[in-house]
Amino acid sequence: MPDLAIIIPSVLNGLTTGALYALVALGLTLIYGVLHIINFAHGALLMVGLYAVYFLNVQLGIDPYVALFIVPPLMFALGYALQRGIIGKASHGRDENILLVTLGLSIVIENLSLFVFKSDTRAIDTPYSFEVVEFLGAFLPLPKVIAFAGALVTAALLWLLMSRTDLGKAIRALAKEPKGAKLVGINAEHVFAMSFGLGIACLGVAACLLLPSYYVSPQVGHGFVLIAFTIVVLGGMGSFVGALIGGLIIGVVEALGGLFLGESLGQIGIFLIFILVLISRPTGLLGHKV
Amino acid sequence: MRQLALLGLVFAIIGLAPFVISSDFTLNAVIMILYAALVGQAWNILGGYGGQFSFGHAAYFGTGAYTVAVLQVQLGINPWLGLIAGGAMAVLVAAIIGFSTFRYGLRGSYFALVTLAFAEVLRILSNSVPFTGAGVGILIPLDQGPANLQFVTKQGFFWVIWLITLAAFVTVWWIGQSRFGAQLMAVRDNEDAARALGVEAFRVKMGAIMLSGLFSGLAGVFYAQYFLYLDPYIAYGPAVSVESLLVPIIGGLGTLFGPLLGALGLHVISELTREFIGEFPGISLVIYGIILIAMVLFMPRGLAGLASRLRARPFGTRAKAAEGSHA
Amino acid sequence: MLEIRALRKFFGGVKACNNVSLTVPEGKIASLIGPNGAGKTTLFALITGFHRPDAGSVCFLGEDITALAPEEIARRGMVRTFQIVQPFAGQTVRENIAVGAHLRIRSRAEALAKAEAVAHRVGLSDRLDLDAASLTVAGRKRLEVARALATDPKLILFDEVLAGLNPSEIRDVIPVIRAVREEGVTILLIEHVMQAVMSLSEYTWVLNQGELIAEGAPADVVSDPLVVEAYLGKGMAERIARREVRHA
């Protein structure tokens, strides 16, 4: 039985990782809450964001944190276009069709990048990549601490956007009463695409915060997809607070699972939570709300 | 009955292949098409006729494949017994997954995600435990001979896959003619209405997932014996799950001949890709993905649907496909 | 035949069904009326196993069926139809009806033959090979009746089988329902179209806000001030009463 000196750093590490998971999940839960679709291409789009941050850094020398002003808007545009051009047209009245199309998108994106970038794993060098912060006797990498703070700030901004702006109102109206919202003149297609774009922009933010302490490869998104789904389901489909808490829980579970069971088996813990939560409480731990 | 005759005719023609084809390359292509049709027909039972879209059919495929491989390598058990054991284990896994999802009423996207999660759990497990060879994979020793379910020539493999695939297609023909099938399609089209008419939805869905798992598992056994190598990614990875659903979606969901058309179509497309773009890692999956998107967007009833529209009468059994109603 | 005792179901604060007791007599056409949102459909869902009641019991043919699943209840001889018709779209009318027939018949051929016979009884013979989704509303209502009938039920619960039909269609469907009763099947109707129920049913209950407020012969029930009030709002009963006095 490892003692506290090992467990505490592990938990803290899990929390910082969990905050990033939460950020990825926030986008997913926003999309689910409004459009009631499960975006299977979420992980692949995160990978796109990571490559964007990577090449901005390597080719143009732009710091990942500066890229926060470039990548999320680009990702937003990409998300808007995808929803308007492809995903929004796929349903034919069945949710599964949307799932299939986003599955198709993820396959295309993932394998295209495999084709273009090969399966190499790439990381960037920043002056602060190996800086650490001491907290409760644990040494945490500075980029992860920044990512933790950044995730919380993003969640707060998103919440403000949803509750204080006209766009937020329109999104919430559409999520709750699609028919009514259309009747009062809300352009549903546009607002749907805006929501999807916002969800994908969250991935852009996550990519900028993630890369300094992580890497990018064509399959990098893969690991995030099911984790993000788990968080979304755990937190209650469509709930922001739920996604945050769910993300932190999963981060800690993964860290402790890895500590006690080894890296590979530790991951199983996540999937088992996912299956158990879906089977026992499909509305999530915190119930359903947008 | 006409359908059964047509089915017999089609398989009889396919059965001529070993007699008229001398090149191993071409016969291999026929074998791979039959194999893809088997994988697709397995998925079609649950997805096409039952309306339950699984994203994790690798769970059954991989279980069948690993069962025959592990029994041979670790315990020295004959692969013909392994064929039976592989099918049985796949049915068991299907029963477990079916029970834990259908019992709790999971439908639609939730069902898809949970099945995917189950496949991932199995992938990680097979990556972690020693008796599957973990991440290194498992190599079935080359020991050719019919007694070992390994054949010197492609002909032997051809007859094995021909027979299993025929069994799958006859099963699906039977589904189209039976009470079980009528109830399964009723559950697909409207579960509440079906239950109100006395259809035991849970039992019917369990039957479908176990049949589906059986044929997926047998496909896995065949794969293991044909290629003699497995690793967690091959057995339980997403490629099999995607191929499983892509084949009937291309060919026509919920139709008897859809998976065969789909397997043929997919093979032609892959060959063309190889011809014109060359062989690069991932490129065939890119094409798969594009086809999947295009099918759902523009041809939700698949090739069979197209055929029936051209002939303006039903092809095979009814193609309810992806344009169903959510009341 | 069907005995409901003190049935209760609350959804959060909404009392969808509060202490409802009633007994449907064998061989009759009985009906349950009430304004929109009175809890009629919920009551059907409770009786047929689609919802689990919070309290109370349902007895059918002398056996307690309260906690049974819908399919088990159907097997015992009680089937329901749906207010929002639920055809198996993409399947033909014949195949739709055969699903019901399969409850008692294993053979596909026999079930299809039976479907044909049932279709004849409800006037769908000419549309047997059409896609059920292509039927008109009236056609779909007939299909609902046919599918239920094909299960050889002892009791059918019709949920608003006349709603959404125009007067001439209603005139066409009423004899179909009467004929079902003539064959010995007991019927419980839910309707909020009162006129139709008047001419069809022999006994009626009135449900309002989850509670029974009246019962009896249809003619007596509709003149009950409580019922008029439930349907038309407070004060209306008095006004009607006054007017009738004046006319008299």
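Cut-offs used in this document
- Residues numbered from 1 in each chain as written.
- Chains lettered and ligands numbered in written order.
- Predicted model: local features only at pLDDT ≥ 70, side-chain atom pairs only at ≥ 80, totals over all residues.
- Heavy atoms only, no water.
- Helix = DSSP H or I, 4+ residues; strand = E, 2+ residues; numbered from the N terminus.
- Rg over C-alpha atoms; globule rule 2.2 N^0.38 Å.
- Buried < 20%, exposed > 50% of the residue type's maximum accessible area, 1.4 Å probe, protein only.
- Contact = heavy atoms within 4.5 Å.
- Areas by Shrake-Rupley, 256 points an atom, 1.4 Å probe, with all protein chains shown as cover.
- Lys, Arg positive; Asp, Glu negative; His and termini not counted.
- Charge placed at Lys NZ, Arg CZ, Asp CG, Glu CD.
- Patch = residues over 30% accessible without salt bridge, like charges linked within 9 Å, V, L, I, M, F, W, Y side chains within 5 Å.
- Salt bridge = Lys/Arg side-chain N within 4 Å of Asp/Glu carboxyl O.
- Buried area = accessible area lost by both parts, 1.4 Å probe.
- Polar contact = N/O pair within 3.5 Å; in protein donor to acceptor, adjacent residues only side chain to side chain.
- Pairing = 2+ DSSP bridges.
- Axes fitted to C-alpha atoms, helices over the stretch in contact; angles between N-to-C directions.

Describing the overall build of chain A
In terms of regular secondary structure, chain A is built from 11 helices and two strands. Of the regular secondary structure in chain A, the N- to C-terminal order runs α-α-α-α-β-β-α-α-α-α-α-α-α. Relative to a compact globule of 290 residues, whose C-alpha radius of gyration would be 19 Å, chain A shows 19 Å and is just as compact. Out of the 290 residues belonging to chain A, those deemed buried represent 56%. Residue pairs at least 24 apart in sequence account for 78% of intrachain contacts in chain A once pairs closer than 6 positions are excluded. When the accessible surface of chain A is split by element, carbon and sulfur atoms take 69% of a total near 11,800 Å². Of the side chains in chain A, 14 bear a positive and 14 a negative charge, and the two mean positions are spaced by 16 Å.

Some remarks on a nonpolar patch on the surface
All names here are of chain B. Residues Leu6, Leu9, Ile13, Leu16, Phe19, Val20 and Trp159 make up a contiguous nonpolar surface patch of roughly 730 Å² in combined accessible area. At three residues, the largest contribution of residues to the nonpolar patch is made by helix H1 (residues 2-15). Tracing the sequence through the fold places leucine 6 in helix H1. Assessed through its relative accessible area of 39%, leucine 6 is described here as partly exposed.

Quick look at the interface of chain A and chain B
Accessible area lost when the parts come together is the quantity often used to give the size of an interface. Contact with chain A, which involves 40 residues of that partner, is made by 44 residues of chain B. With both chains or domains summed, chain A and chain B bury close to 3,900 Å², and 79% of this area falls on carbon and sulfur atoms. On the chain A side of the contact with chain B, A:Arg94, A:Leu100 and A:Ile279 bury the most area, a combined 17% of that side's loss. Run the count over chain A and chain B and you get zero salt bridges. Linking chain A with chain B are one residue pair in polar contact (both at pLDDT 80 or more). Of all the secondary-structure elements, those providing two or more residues to the side of chain A that touches chain B are helix H4 (95-117), helix H9 (220-235) and helix H11 (263-280) of chain A.

Observations concerning the sheet that holds strand S2 (residues 14-24) of chain C
Residue and element names in this part refer to chain C. Here four strands make up an open sheet; going across it, the order is S2-S1-S4-S5 and the pairing antiparallel. Edge positions in the sheet fall to S2 and strand S5 (63-64), since each has one partner strand and no second. Taken together, the two bridges between strand S4 (residues 55-60) and S5 define a ladder with antiparallel strand orientation. In the sheet register, phenylalanine 60 faces S5, and the bridge partner there is glutamate 63. Those strands touched by helix H1 (residues 40-47) are strand S1 (2-11), S2 and S4, and its axis lies near 115 degrees from that of S1.

Some details on the environment of C:Leu149
Residue and element names in this part refer to chain C. You can see leucine 149 is positioned in helix H5 (residues 137-149). For the pair leucine 149 and valine 122, spaced 27 residues apart in sequence, the C-alpha separation works out to 9.3 Å. If near-sequence neighbours (up to four positions away) are discounted, leucine 149 is found in contact with Val118, Arg121, Val122, Ile156 and Val180.

Overview of the pairing of S2(C)
Residue and element names in this part refer to chain C. For S1 and S2, the ladder comprises seven bridges, and the chain directions are antiparallel. Among the inter-strand pairings, leucine 2 is bridged to a residue of S2, identified as valine 24. Connecting the antiparallel pair S1 and S2 is a turn made up of two residues, with glycine 12 showing a positive phi of about 60 degrees.

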